[in-house]
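The residues making up each chain are set out below.
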Amino acid sequence: RNSEFLAVREASLEVRPGETLGVVGESGAGKSTLGRIVLGLERPSAGRVTFDGVDVHAAKGSGRTTLRRGMSVVFQNPYASLDPSMSIAESVVEPLTAHQRISRDDRIDRAADLLTEVGLSPAYLQRRPHELSGGQRQRVAIARALSLRPRLVVCDEAVSALDVSTQAQVLNLLSDLQSEHNMAYLFIGHDLAVVHHISDRIAVMYQGQVVEVGPSDDIYHSPQHPYTQALLSAVLSVDVDAQQVAPRVASAIDQRPPMVGCSFAHRCPHVHDTCREVEPPLLPHGNSEVACHLVGTTDR
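Just so it is clear, the structure is predicted and the values come from calculations on it, not from any experiment.

## Thoughts on helix H3 (residues 88-99)
Every buried residue belonging to H3 is among Ile88, Ala89, Ser91, Val92, Val93, Pro95 and Leu96, and all of these are buried. Residues of H3 that are buried make contact with helix H4 (104-117) and helix H5 (134-146).

What follows is the structure, encoded as structure tokens:
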């Protein structure tokens, strides 16, 4: 490593058709940067992203247009992701009109169908975003993301700005839409419980690296990496009678990851000398892969 900051490094993941891959980690882990790279919004300094075998960043002309039609995104903040000057109908079909000619009547019909799909009445078509609740706006954002019938949707903290009851409704909606259209989701979040609720597999990121990846239930119920254990412990700590899953990790405030060894060594309650000297590779462990020298040992 050098003095240059790398937001994402050595992250190798795949999302399968019809699958939800959750990406979880605290703020600054590199999750959103990873999502933007997947969408082609940021170019990686090394490595590549492929969609159906096509390099996302190398594609040009009609090939790039086809790729863009196959991917979509739902952002975190429904208050900022919709243009306040546009009607709901205009917002929903904007991606569609950008890619093909469509008459005004067809646009209205298509927008009405999309709103119905996400559980909203077509009566909302001529309203503006400020007339809707946060949950309703996020449903509109999802309808917009579906307008081109993408095969992959990146959900970047798509429910974190919503209250708990609305979160559950939107998560259930996303699951229903996935079953209906066989879309793949890259679901980015910081709450392990929320990510577990919707994901088939989960990748845990810390300081730009994937430190654990595996089936959702395995990651949630039997985490192996100390950082994943700390995330789960934070989820359960709202119950004062619950037993902590892992010892409290050191605070990340004013602490930089080490230049050598494991990036989590400066916070890990189980750290050994080897952890400070050698960076652990991501290796198979059971059904998962874990980057930790101590996994499978009795030293923690």
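## Side note on the packing of aromatic side chains
Within this structure, the stated rule accounts for three aromatic pairs. Summarising the aromatic geometry, the rings of Tyr206 and Tyr227 are spaced 4.8 Å apart at their centres and angled 50° between planes, so their arrangement reads as tilted. Of this pair, Tyr206 sits in strand E7 (residues 201-206) while Tyr227 sits in helix H9 (residues 226-236), placing them 21 residues apart in sequence. For the pair Tyr206 and Tyr227, a shared accessibility class is recorded, and that class is buried. Seen from their ring centres, Tyr206 and Phe264 are 5.1 Å apart, and the 85° between their planes marks the pair as edge-to-face. One end of the pair, Tyr206, is in strand E7; the other, Phe264, is in the loop between H9 and helix H10 (273-277), and 58 residues separate them in sequence. Taken together, the ring pairs in this structure connect Tyr206, Tyr227 and Phe264 into an aromatic cluster.

## Details of the environment of Ser233
Its place among the elements puts Ser233 in helix H9. In this structure Ser233 comes out as buried when scored by relative accessible area, which is 4%. Between the alpha carbons of Ser233 and Leu192 there is a distance of 9.9 Å; along the sequence they are 41 residues apart.

## Points about the pattern of salt bridges
A pair can form between side chains of opposite charge whenever their charged atoms are brought close. This model, assessed by the stated rule, comprises nine salt bridges. Between Arg267 and Glu26 there is a salt bridge, and its shortest N-O distance comes to 2.6 Å. Here the residue Arg267 occupies a position in the loop between H9 and H10, and Glu26 occupies one in the loop between strand E1 (20-24) and helix H1 (31-39), the gap between them amounting to 241 residues. It is possible to trace a salt-bridge network through shared partners that takes in Glu14, Arg16, Glu19 and Arg201.

## Comments concerning the sheet that holds E7
Taking strand neighbours across the sheet as the criterion, the eight strands line up as E4-E5-E6-E1-E7-E8-E10-E9 in an open arrangement whose pairing is mixed. For this open sheet the edge positions go to strand E4 (71-74) and strand E9 (283-285), each flanked by a neighbour on one side alone. When the angles between neighbouring strand axes are averaged without regard to direction, this sheet yields 20°. Sheet analysis places E1 next to E7, joined by four bridges and oriented parallel. When the bridges of E7 are listed, Val24 appears paired with Val204. Across the face of the sheet, H1 comes into contact with E1, E4, strand E5 (152-156), strand E6 (184-189) and E7 while running at roughly 155° to E6.

## Remarks on the nonpolar core
Generally speaking, soluble globular proteins have nonpolar side chains that are buried together. Counting residues in each nonpolar core, the largest one holds 57 residues, and the members touching the most others are Val92, Leu115, Ile142 and Phe187. Looking at this core element by element, the count peaks at six residues for H5. Beyond its immediate sequence surroundings of up to four residues, Phe187 is in contact with Thr20, Leu21, Gly22, Val23, Cys155, Val159, Leu171, Leu174, Val194, Val195 and Ile198. Judged by nonpolar contacts, the second largest core, of 22 residues, contains Leu21, Val154, Ala184 and Leu186.

## Some points on the packing of H3 against H5
Following both chains from N to C, one finds H3 and H5 inclined at 35°, their axes separated by 6 Å at the closest point. Contacts from Ile88, Ser91, Val92, Glu94 and Pro95 in H3 reach Val140, Ala143 and Arg144 in H5. Of the residues assigned to the contact of H3 with H5, the class counts are five nonpolar, one polar and two charged.

## Examining the confidence of the model for the chain
In the predicted model, the chain carries a mean pLDDT of 87, and 88% of its residues have values of at least 70. In the predicted structure, residues 237-243 sits below a pLDDT of 50 and forms two contacts with residues beyond four places in sequence or in another chain.

Analysis parameters
Residues numbered from 1 in each chain as written. Predicted model: local features only at pLDDT ≥ 70, side-chain atom pairs only at ≥ 80, totals over all residues. Heavy atoms only, no water. Buried < 20%, exposed > 50% of the residue type's maximum accessible area, 1.4 Å probe, protein only. Helix = DSSP H or I, 4+ residues; strand = E, 2+ residues; numbered from the N terminus. Contact = heavy atoms within 4.5 Å. Phe/Tyr/Trp six-rings, centres within 6.5 Å; stacked < 30°, edge-to-face > 60°. Salt bridge = Lys/Arg side-chain N within 4 Å of Asp/Glu carboxyl O. Pairing = 2+ DSSP bridges. Axes fitted to C-alpha atoms, helices over the stretch in contact; angles between N-to-C directions. Core = buried A, V, L, I, M, F, W, Y, C linked by side-chain atoms within 4.5 Å. Nonpolar A, V, L, I, M, F, W, Y, C, P; charged D, E, K, R; others polar. pLDDT = per-residue confidence, 0-100.

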